[in-house]
Each structure stands twice: as structure tokens, then as C-alpha cells.
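So the chains spell out like this:
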Amino acid sequence: MKCISVYTDNFELFSDIFEQVVESQLEENEEKEVEGVTISHSGEAPDHYLERMSQKPEVVVMRDKSRGLTILQHGNVFEILIPEAEGAAALQ
């Protein structure tokens with residue numbers, strides 16, 4: 001899964017820029033600023049990462065079922081996990 005990190009703890013701001021973040025064409029380890037918020041392509045998350053993180057009480061798990069995306073919120077970061085098929089399509 002491709003992982004895009006969004007460095008904010010402001011859910012409203014995250015919601016406002018979510019579409020731009022998902023549609024961004026970032027290379028691995030590339031950082032970019034969207035409306036004053038730093039985002040980065042954090043590389044590939046191993047399959048067990050989602051399972052491990054979702055078991056932690058301080059992590060909020062959200063899903064965008066229409067696109068198969070999973071969003072983790074913890075601390076001052078949101079992580080958008082994009083399945084391989086979607087990630088590959090987004091890169092083209």
C-alpha cells in the first residue's frame with residue numbers, strides 16, 4: 001500500500017485538502033505543501049501495518065469505501081493508505 005502522510009491534527013483542514021492530497025503525483029519520499037500543510041509520500045506500508053496500527057487505542061481509523069482508501073489519524077498526522085492498484089493508477 002502506498003502511504004501518504006499529511007502533517008496536521010486539524011480534521012477540518014485535512015478534509016478540505018483531502019482530494020488534492022489523494023490526487024497529488026508525489027514520488028516516494030517527496031514532500032510538498034498544500035494550503036500550508038506538509039504532505040509526503042512515505043513509501044510503501046507493509047500489509048501488517050494497518051492491522052497493527054488499528055489495534056492501538058490512540059489511532060482513529062477511517063475508510064473511503066468507494067475508493068478502497070484507509071485513513072489513519074494519530075498524533076499530529078493523518079496517513080492515507082492507498083491499495084497498490086489505486087496507487088499504480090494514480091501514478092499514471
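Everything here concerns the structure above.
Described in the following lines is the structure provided in the data block. (Residues numbered from 1 in each chain as written. Predicted model: local features only at pLDDT ≥ 70, side-chain atom pairs only at ≥ 80, totals over all residues. Heavy atoms only, no water.)

1. Topic: the packing of aromatic side chains
Each aromatic ring pair is described using two quantities: the centre-to-centre distance and the angle formed by the ring planes. Inspection of every chain in the model, using the stated rule, returns four aromatic pairs. Aromatic side chains Phe-11 and Phe-14 sit 6.5 Å apart centroid to centroid with 40° between the ring planes, which places their arrangement in the tilted category. With a gap of three residues between them, Phe-11 and Phe-14 both fall in helix H1 (residues 11-23), about one helical turn apart. Taking the relative accessible area as the measure of exposure, Phe-11 reaches 44% and is therefore partly exposed. One aromatic cluster is present, formed by Phe-11, Phe-14, Phe-18 and Phe-78 through successive ring pairs. (Phe/Tyr/Trp six-rings, centres within 6.5 Å; stacked < 30°, edge-to-face > 60°. Helix = DSSP H or I, 4+ residues; strand = E, 2+ residues; numbered from the N terminus. Buried < 20%, exposed > 50% of the residue type's maximum accessible area, 1.4 Å probe, protein only.)

2. A closer look at the environment of Thr-70
Among the structural elements, Thr-70 can be located in strand E5 (residues 69-74). What makes Thr-70 buried here is its relative accessible area of 8%. Beyond its immediate chain neighbours, meaning those up to four positions away, Thr-70 contacts Leu-50, Val-61, Met-62, Arg-63, Glu-79, Ile-80 and Leu-81. A distance of 3.2 Å separates a polar atom in the side chain of Thr-70 from a polar atom in the side chain of Arg-63. (Contact = heavy atoms within 4.5 Å. Polar contact = N/O pair within 3.5 Å; in protein donor to acceptor, adjacent residues only side chain to side chain.)

Purely geometric numbers; function is a separate question.
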